[in-house]
Amino acid sequence: MCKIIAIANQKGGVGKTTTTFNLGVGLAREDKKVLLIDADPQGSLTICAGINEPDKLNYTLANVLMDIVNEEKIPESKGIIEHDEGIDILPANIELSGIEVSLINVMSRELIMRELIENVKNDYDYILIDCPPSLGLITLNSFTASNSVLIPVQCEYFALEGLGQLINTINLVKKHLNKEIQIEGALLTMYDARTNLSLQVVENVKDNLDQTIYKTIIPRNIRLAEAPS
Ligand code: ATP
Ligand code: MG
């Protein structure tokens, strides 16, 4: 059975892409078949995977989604690229930013990503979706297609800001679009052991967030930031 996890937080720069890529490679090293889906028009996950100029790709997530909407034939590869680290990636680029507008008048517009995933999930143990920093239609599509949501939370002063809204959105998706969806857990990222602030944030998140919080906390590590380059 394939497990589909959306990595999401509408807050920017909290470690969604870094988590998606490294978790994916980690799972592949455990001999799991992994597909990473870049659902962010910034294409950061695509760049992380070594595809330096996503905007030059001519078939990406945006094209697959539009082909599904228009009932066009999808190429056999389904836009998926194999990566050296033993993971597959469905890339994205700036074209994805036009999709939200294109989908507005489409019937069942929250279900397009689910259809895409139904077509590929038998080939994988895990599909990880790197969501954009917003709660727009692409994120809703990702939630509708997923079994769970993993929420990276950066150890900084306003860590909890917006989490209520994110959890409400997940609950609304659960009610109306995807009964199965669960919150996988919150992953604290960019922890700096040298500062009291990081320590306070961890305590604050533990006291205020009524969700699973992973015991593993990701330290701030410059090598993680350097890795994509
Ligand atoms: P966006 O909301 O723009 O999609 P994001 O939530 O995907 O951002 P990342 O791109 O993963 O966040 O991380 C933001 C920046 O912080 C990147 O430059 C990344 O390399 C860096 N970074 C992420 N995790 C760590 C870490 N543990 N230690 C040091 N730097 C990190
Ligand atoms: Mg990102």
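Residues numbered from 1 in each chain as written. Chains lettered and ligands numbered in written order. Predicted model: local features only at pLDDT ≥ 70, side-chain atom pairs only at ≥ 80, totals over all residues. Heavy atoms only, no water.

(A) Structural view of the pairing of strand S1 (residues 3-7). The buried fraction of S1 is high, at four of five residues. Here three bridges tie S1 to strand S6 (residues 148-154), and the two strands are oriented parallel to one another. Across the sheet, the residue bridging to Ala6 is Val149, located in S6. (Buried < 20%, exposed > 50% of the residue type's maximum accessible area, 1.4 Å probe, protein only. Helix = DSSP H or I, 4+ residues; strand = E, 2+ residues; numbered from the N terminus. Pairing = 2+ DSSP bridges.)

(B) Spatial organisation of the environment of Asn9. Structurally, Asn9 is set in the loop between S1 and helix H1 (16-29). Taking the C-alpha atoms as reference points, Asn9 and Ser134, separated by 125 residues in sequence, lie 7.5 Å from one another. Leaving out residues up to four positions away in the same chain, Asn9 has contacts with Val14, Lys16, Pro132, Pro133, Ile151, Pro152, Val153, Leu163 and Leu166. Within polar-contact distance, the side chain of Asn9 engages the backbone oxygen of Pro152 at 2.9 Å. (Contact = heavy atoms within 4.5 Å. Polar contact = N/O pair within 3.5 Å; in protein donor to acceptor, adjacent residues only side chain to side chain.)

(C) The pattern of salt bridges, seen in detail. Tallying each qualifying case throughout the model produces seven salt bridges. The salt bridge involving Glu156 is made with Lys11; its shortest N-O contact spans 2.6 Å. Placement of Glu156 in the loop between S6 and helix H7 (163-176) and of Lys11 in the loop between S1 and H1 is noted, with a sequence separation of 145 residues between them. Residue Glu156 is classed as partly exposed on the basis of its relative accessible area, which comes to 24%. One salt bridge connects Glu53 with Lys56, and the closest N-O pair in it is separated by 3.2 Å. (Salt bridge = Lys/Arg side-chain N within 4 Å of Asp/Glu carboxyl O.)

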